[in-house]
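# Secondary and tertiary structure notes
As a plain string of letters, each chain reads:
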Amino acid sequence: MKKLKFIGNPLLQSREKINMSSDKKWLTLKTTEDNEEFVVEESVAIMSNVIKNMVEDGCASSVIPVPRVKGNAMGKIIEFCKKHTEESDEKVLKEFDAEFLNLGPDALYDLMVSANFLEIKVLLDSVTTKVADMIKGKSSEEIRNILKIENDLSAEEIEESRRENCWTRQE
Amino acid sequence: MGSPSQKKLRALEAGDESDRISRLPDDLIHKILSFLDAKAAVQTTCLSKRWKPVWTTLPFLNFGRYHNSSPKNVSDFICNVLRNRNHHSHVFSLNFRVKCKDVSPNLLEEFVEYAISHDLQSLRLELLDDHKPFKLSTFSSKSLKKLELNLRLQECALESDCWDLPALTTLRLSCVRGHESHSRLNSWLKDSVFTCLPALTRLSLHNWDLSQLFSFSLPALTRLRLSHCTLPTTVWDFPDLLSLQLDGVGLPDDMSDILFALVKLKNLTLILPSTQRDYFISCPPHLLNLSITGSFCHHGNIWSNIVVSAPKLCNFTAFGIFATTIGVPELENVNISLQGWFQNMELTCRKRYYRRLTNMLPGFCNAKNLTFDAESIEALNEISNLLQSLPSPFSELKYVKLPTGCKESSISSALRSYLLGGSPNATFVTKLPQIHGVEDSMLDASVEGTDKDQASSLGGQRDSGLWRGHEVNSEFVGLLDRIMHKYPETFKHFTTKNKKLCTMNLNMLCTSLNDLFKISMTNVDSEMMFAYKEVISYLQNQGFNLTWVVDRLTYIEHLRFSKPLINELYSIECHIDDAKTKLQDLQSRAADAKTKLQDLLAHVDYAKTRLQAKQSLRTEKLSEIKKAFGTTDAKLVVGFIGDDLLSNP
């Protein structure tokens, strides 16, 4: 059985269903890795350059397959794009982004890779800035904890690297 | 050594996908590091094996100010980056924001030269104190697109020093005024600065004296910003200029001298300097957007009167209060903003100036849409009593946009009738209906793009700690404790007579031992050994018992220099290190390539689908044509007239 997902407030979903036949254009995106389908407005979907090209070339009449992106990442991406097409006030968008990107490193990783593949510049810039902020001013040990990086260097190797390239300073 | 392998084992057993951030391809990690200072980026080398070489190919290098670090450390760090970087990898952007005491101009020039030879596209150099001026030719580059300099340039007009920047699109030059007030002599820009910039579209000049220029001309320029400059006396030749911003510049009496040659100008922004006088602004024929920020004068009773003549002006934005007369038949949108104009003045003082709004607003009598910000609406409400007796100056108003958060009910009735009274269809709105796109180009009028602040100074840590009452570098406290623990005799005769000398000696001991112990066995040579032996003997004279160090040094000499086999071992180890590094490099490039390949294959599928869609459109169109011409032979739709005409059956 197909799983159709409407992104947004569940109470509004029924209203959205009714509006489907009105003048807004809708697309169906399907993540081929886990077979989840998403129905989105065209104006939201074309924030992705890749989808935009498909639409412009008339390939959007049936379901658009989206490889390389997982279902839950797709959902988040659509939520992001929806907010950014609806809202033009920069302050509101900044607050939304801060809240939206309050995720663990794994989720951010998924978003980054997917935004890169789908060519959504705004999202990619936001996520990379967020990760940069997470590690700004932190020591190596702290960065490893935050980003869950496995330390496979011996203490000597670390010391040697630090001596060759950085300040001689204990952290 | 137990911890890393234990962790790995746990991860394998758990079967979970930890450390996924490390599986990102290099160019995404580079994107993240592009927001960080070079020091933080280079320090990622210590995170893990995968992260070790990432900084060497990072094409975004940002060097900021390093507080709490000695100039030697800063210089050494920058040298190291230059030396240890992967030289096959290009440099996309280079930012320096440093003090000259930390980095010599020679080192900077060397780095700039390196970056330019590696396809540099964006360069930003900011030197924060007095220095030897730079030659223009230092920056010549075929690939450079964006250049931002805040430093002293060679000012000698006789020297034929110029630069060649065929790809440059954005240029921003700020003049560093010297410490002496009479150093204005050094702030002239010479003509050769503006030659050889065929592709330049955005130019921003700050704090320069342009009066010595013979020509002020750039063929492709679309945006120009002059801030606190002395204007050139020659004609402004920018045939394609769309946006002009003049900030704190002494304007001539008749602006048409400047503006007449700028025939395509659409956006003009003026931030008036603090002198009080009247302005007559006669605009070029196609000007659509005008923004004026008035100058604020505390104690003057004289306020600027600004007369604007612009046949096609559509949007006007005013920051501040000043009297205006706008002879503009097609004025549509007027935006009045007072946010921050009064700076920190108290409300009671500000109230005195609000009444001036009654001199300002009648100037916009034929506006169709008015937009106010929170402060200007508040100001108008404050003077409601005054407005009561005045007729509405507006006769063609359609919409008055109130700022977010301001309710229509908070508008006093006097204000309401002042604004809306003279226009039959006028209403208050919270969002103006979108009619043109010109409103957006108004916001676009500034030359300054959004520059992310690349230079971040990391919070410094305190450098000194205490060890038995002596102040030493904090990293040495641990060292001294360990020496005390293992070789307590070292400090047996350490006297405390002259405390200052003792602290000095203690620090010297620490620095020398610290450096000595960290020398790799492969880097030992007899000169170095000799030098350290001298240092050790000096320290022994000062009262430290360092027999244990001398013993170690003697053993090393014995090991190193009397047995050639060991040298051969070291040489083999070097080769092994090289081979390991090469392997790691190739492995990560392979992983990268794999991810990229998968992405590309997916894009190939997309391209195939789009191609098929277009091909089926073609087939449809051909059959339409067939139907329309009713011919069995649709061959001649595409081809040549003589096709198949004379061919044998």
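For the structure given in this document, a descriptive report is provided here. (Residues numbered from 1 in each chain as written. Chains lettered and ligands numbered in written order. Predicted model: local features only at pLDDT ≥ 70, side-chain atom pairs only at ≥ 80, totals over all residues. Heavy atoms only, no water.)

## Quick notes on the interface of chain B and chain A
The partner chain A presents 55 residues to the 50 residues of chain B that form the contact. Summed over both partners, the interface of chain B with chain A buries about 5300 Å², with 60% contributed by carbon and sulfur atoms. Here chain B and chain A share 4 salt bridges between them. The partner of R610 of chain B in a salt bridge is D57 of chain A, with the nearest N and O atoms 2.5 Å apart. If you look at where chain B meets chain A, you find 10 residue pairs in polar contact (both at pLDDT 80 or more). When contributions to the side of chain B that touches chain A are tallied by element, the ones reaching two or more residues are α1 (2–14), α2 (26–33), α3 (38–43), α4 (71–84) and α17 (564–629) of chain B. The biggest single contributor to the side of chain B that touches chain A is α17 of chain B, with 10 residues. The class makeup of the residues in the side of chain B that touches chain A is 21 nonpolar, 14 polar and 15 charged. (Contact = heavy atoms within 4.5 Å. Buried area = accessible area lost by both parts, 1.4 Å probe. Salt bridge = Lys/Arg side-chain N within 4 Å of Asp/Glu carboxyl O. Polar contact = N/O pair within 3.5 Å; in protein donor to acceptor, adjacent residues only side chain to side chain. Helix = DSSP H or I, 4+ residues; strand = E, 2+ residues; numbered from the N terminus. Nonpolar A, V, L, I, M, F, W, Y, C, P; charged D, E, K, R; others polar.)

## A look at a negative patch on the surface
A grouping of E160 and E164 of chain A together with E573, D577 and D578 of chain B is seen on the molecular surface, where their side chains present a negatively charged patch. Looking at the negative patch, the elements that each hand over two or more residues are α9 (155–165) of chain A together with α17 of chain B. Per-element accounting of the negative patch gives the leading share, 3 residues, to α17 of chain B. Along the chain, D578 of chain B falls in helix α17. (Patch = residues over 30% accessible without salt bridge, like charges linked within 9 Å, V, L, I, M, F, W, Y side chains within 5 Å. Areas by Shrake-Rupley, 256 points an atom, 1.4 Å probe, with all protein chains shown as cover. Lys, Arg positive; Asp, Glu negative; His and termini not counted. Charge placed at Lys NZ, Arg CZ, Asp CG, Glu CD.)

## A few points about the packing of helix α4 (residues 71–86) of chain A against helix α7 (residues 121–135) of chain A
Residues and elements named next belong to chain A. Where α4 contacts α7, the two axes come as close as 10 Å, and the packing angle between them is 110°. Put simply, α4 runs roughly perpendicular to α7. Residues I77, F80 and H84 of α4 lie in contact with α7, whose contacting residues are V122, L123 and S126. For the contact of α4 with α7, a count of residues per class yields 4 nonpolar, 2 polar and no charged. (Axes fitted to C-alpha atoms, helices over the stretch in contact; angles between N-to-C directions. Parallel < 35°, antiparallel > 145°, perpendicular 65-115°, else oblique.)

## A few points about the sheet that holds strand β12 (residues 279–282) of chain B
In a beta sheet, neighbouring strands pair by backbone hydrogen bonds and run either parallel or antiparallel. Residues and elements named next belong to chain B. Read from one edge of the open sheet, 3 strands run β12-β14-β16, paired in parallel fashion. The open sheet has two edge strands with one neighbour each: β12 and β16 (323–327). The average undirected angle you get between the axes of adjacent strands in this sheet is 10°. Bridge count for β12 against strand β14 (residues 305–309) is 4 bridges, and the pairing is parallel. Paired with S282 across the two strands is S309, which belongs to β14. (Pairing = 2+ DSSP bridges.)

## Observations concerning the packing of aromatic side chains
All chains considered together, the criterion is met by 20 aromatic pairs over all chains. With a centroid separation of 6.0 Å and 65° between ring planes, the pair formed by F63 of chain B and F77 of chain B is classed as edge-to-face. Residue F63 of chain B is found in strand β1 (residues 60–63), and its partner F77 of chain B is found in helix α4; the two are separated by 14 residues along the sequence. The class for F63 of chain B is buried, based on a relative accessible area of 1%. Judged by its relative accessible area of 1%, F77 of chain B is buried. Grouping aromatic residues by their ring pairs yields a cluster made of F63, Y66, F77, F96, F111 and Y114 of chain B. The positively charged end of K76 of chain A is found above the aromatic ring belonging to F100 of chain A, 4.6 Å away from the centroid. (Phe/Tyr/Trp six-rings, centres within 6.5 Å; stacked < 30°, edge-to-face > 60°. Buried < 20%, exposed > 50% of the residue type's maximum accessible area, 1.4 Å probe, protein only. Lys NZ or Arg CZ within 6 Å of the ring centre and 35° of its normal.)

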